[in-house]
Amino acid sequence: MANGGEEEVVMFSEEEVREMSGFKVDAGGHVEVTCGCTSYCYGDAVGTLRVFATGDLEIKCDCTPGCQEGLCYDKLSPAAFEKHSGRETARKWKNNIWVIVDGEKVPLFKTALLKYYNRALTLTKTANNSQTGRACHRDEFIRCTQCSKLRRFRLRTKDECRTYHDAFIDDDWKCSDMPYDKVTCDDDEERGSRRVYRGCVRSTTCKGCTTCVCFGCVTCRFSDCGCQTCIDFTTNSKA
């Protein structure tokens, strides 16, 4: 590998990252590699993917010198970077975000870079399954600051939990910020009779119970988030 040393062998073998453009081991213990996402309208948005042994993934956007996302948010989630790139078929970041291997664009899911993410995801599903075998996070709603309509967030995966979490701590969240579903303020609000169904596996109209309400776990708390809730959870987990 390019930067020889024991740290490189810990996370990835030489074969796994051979000819991978921009690959290096950071002093902080994670690896970095050049990545990108292609929009048919706007072309390639380039960034730097950081891979941690914990399974966390962060992307620093380098699409343009004056990119506000890169200046203000150098820890974008893959889903957020995919949305920022203008990719038309969002919600498939494992397919849409690529790295350069031997001069060719290769989707992340075809590389070894996701092995720690996939491992953490498997452990998370095992640790947070309820007795029925399903995740214990129910759907949540956030009100748009522009149109005052409530929008539903599904919390079945770590990516979906991160999307909700980032929206929840954003005091200026708008319908247009929804990274997956293309929602605008002109779209109708979900009917009240439908909102009572929150995805609890114990009762379809549950108003909150120990089965569907989570007070913090590795799925809905994030080590790369600077909010006090995540900081406290991460600190207590390491104690």
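Look up: the structure comes first, before these words.
Residues numbered from 1 in each chain as written. Predicted model: local features only at pLDDT ≥ 70, side-chain atom pairs only at ≥ 80, totals over all residues. Heavy atoms only, no water.

A. Local environment of the overall build of the chain. Across its full length, the chain carries eight helices and eight strands. Expressed as a percentage of the 239 residues in the chain, the buried residues total 41%. Of the contacts made within the chain by residues no fewer than 6 positions apart, 48% connect residues no fewer than 24 positions apart. When the accessible surface of the chain is split by element, carbon and sulfur atoms take 49% of a total near 13,400 Å². (Helix = DSSP H or I, 4+ residues; strand = E, 2+ residues; numbered from the N terminus. Buried < 20%, exposed > 50% of the residue type's maximum accessible area, 1.4 Å probe, protein only. Contact = heavy atoms within 4.5 Å. Areas by Shrake-Rupley, 256 points an atom, 1.4 Å probe, with all protein chains shown as cover.)

B. A look at the pairing of strand 7 (residues 140-143). Bridge count for strand 7 against strand 8 (residues 150-153) is four bridges, and the pairing is antiparallel. Across the sheet, arginine 143 pairs through a bridge with leucine 150, a residue of strand 8. The turn joining strand 7 and strand 8, which pair antiparallel and follow one another in sequence, is formed by six residues; a positive phi near 65 degrees is taken by serine 148. (Pairing = 2+ DSSP bridges.)

C. A look at the pairing of strand 6 (residues 104-107). One ladder, built from four bridges, connects strand 5 (residues 97-101) with strand 6; its direction is antiparallel. From the neighbouring strand, isoleucine 100 faces strand 6, where its bridge partner is lysine 105.

D. View of the nonpolar core. In this structure, Phe12, Leu49, Phe81 and Leu113 are the most contacted members of the largest nonpolar core, which totals 28 residues. Within the residue set of this core, elements represented by two or more residues are strand 2 (31-39), strand 3 (43-51), strand 4 (57-61), helix 3 (78-84), strand 5 and helix 5 (115-127). Among the elements that make up this core, the one with the highest residue count is strand 2 (four residues). Sequence-distant contacts of phenylalanine 81, that is, excluding residues within four places in its chain, are made with Cys35, Gly36, Cys37, Ala45, Val46, Gly47, Ile59, Cys61, Leu76 and Ile97. Judged by nonpolar contacts, the second largest core, of 17 residues, contains Ile142, Cys161, Tyr164 and Cys217. (Core = buried A, V, L, I, M, F, W, Y, C linked by side-chain atoms within 4.5 Å.)

E. Structural detail: the side chain of aspartate 224. Relative to the helices and strands, aspartate 224 resides in the loop between helix 7 (192-195) and helix 8 (228-238). A distance of 2.9 Å separates the side chain of aspartate 224 from the side chain of arginine 162, its partner in a polar contact. With residues up to four places along the chain from it excluded, the contact list for aspartate 224 reads Glu58, Lys75 and Arg162. (Polar contact = N/O pair within 3.5 Å; in protein donor to acceptor, adjacent residues only side chain to side chain.)

F. Expanded view of helix 6 (residues 158-168). For helix 6, the tally of buried residues reaches nine of 11 residues, placing the bulk of the element in the interior. Along helix 6, the residues classified as buried are Lys158, Asp159, Glu160, Cys161, Arg162, Thr163, Tyr164, His165 and Ala167.

G. Just the environment of threonine 234, in detail. Position of threonine 234 relative to the elements: it lies in helix 8. A C-alpha to C-alpha distance of 6.0 Å links threonine 234 and serine 223, two positions 11 residues apart in sequence. Setting aside its immediate chain neighbours within four residues, threonine 234 contacts Phe222 and Ser223.

H. Spatial organisation of the side chain of lysine 174. When you line up the elements, lysine 174 lands in the loop between helix 6 and helix 7. The class for lysine 174 is buried, based on a relative accessible area of 18%. Ignoring any residue separated from it by four or fewer positions in sequence, one finds lysine 174 in contact with Cys144, Thr145 and Gln146.

I. Examining the pattern of salt bridges more closely. Enumeration over the complete set of coordinates arrives at 17 salt bridges. In this structure, arginine 156 engages aspartate 139 in a salt bridge whose closest nitrogen and oxygen atoms are separated by 2.8 Å. With arginine 156 in the loop between strand 8 and helix 6 and aspartate 139 in the loop between helix 5 and strand 7, this pair connects stretches of sequence that are 17 residues apart. For aspartate 139, a relative accessible area of 4% translates into the label buried. (Salt bridge = Lys/Arg side-chain N within 4 Å of Asp/Glu carboxyl O.)

J. Expanded view of the packing of aromatic side chains. Per the stated rule, a full pass over the model turns up six aromatic pairs. Ring geometry for phenylalanine 12 versus phenylalanine 23: centroids 6.3 Å apart, planes at 85 degrees, classification edge-to-face. Of this pair, phenylalanine 12 sits in the loop between helix 1 (6-11) and strand 1 (24-25) while phenylalanine 23 sits in the loop between helix 1 and strand 1, and the two are 11 residues apart along the sequence. Look at phenylalanine 12 and you get buried, because its relative accessible area is 0%. Given the relative accessible area of 8%, phenylalanine 23 is considered buried. A centroid spacing of 5.6 Å and a plane angle of 90 degrees characterise the contact between phenylalanine 12 and tyrosine 116, whose relative ring orientation is edge-to-face. Taken together, the residues phenylalanine 12 in the loop between helix 1 and strand 1 and tyrosine 116 in helix 5 connect sequence positions 104 residues apart. Here the two residues phenylalanine 12 and tyrosine 116 agree in accessibility, since each one is buried. Taken together through their ring pairs, the aromatic side chains of Phe153, Tyr164, Phe168 and Trp173 make up a single cluster. (Phe/Tyr/Trp six-rings, centres within 6.5 Å; stacked < 30°, edge-to-face > 60°.)

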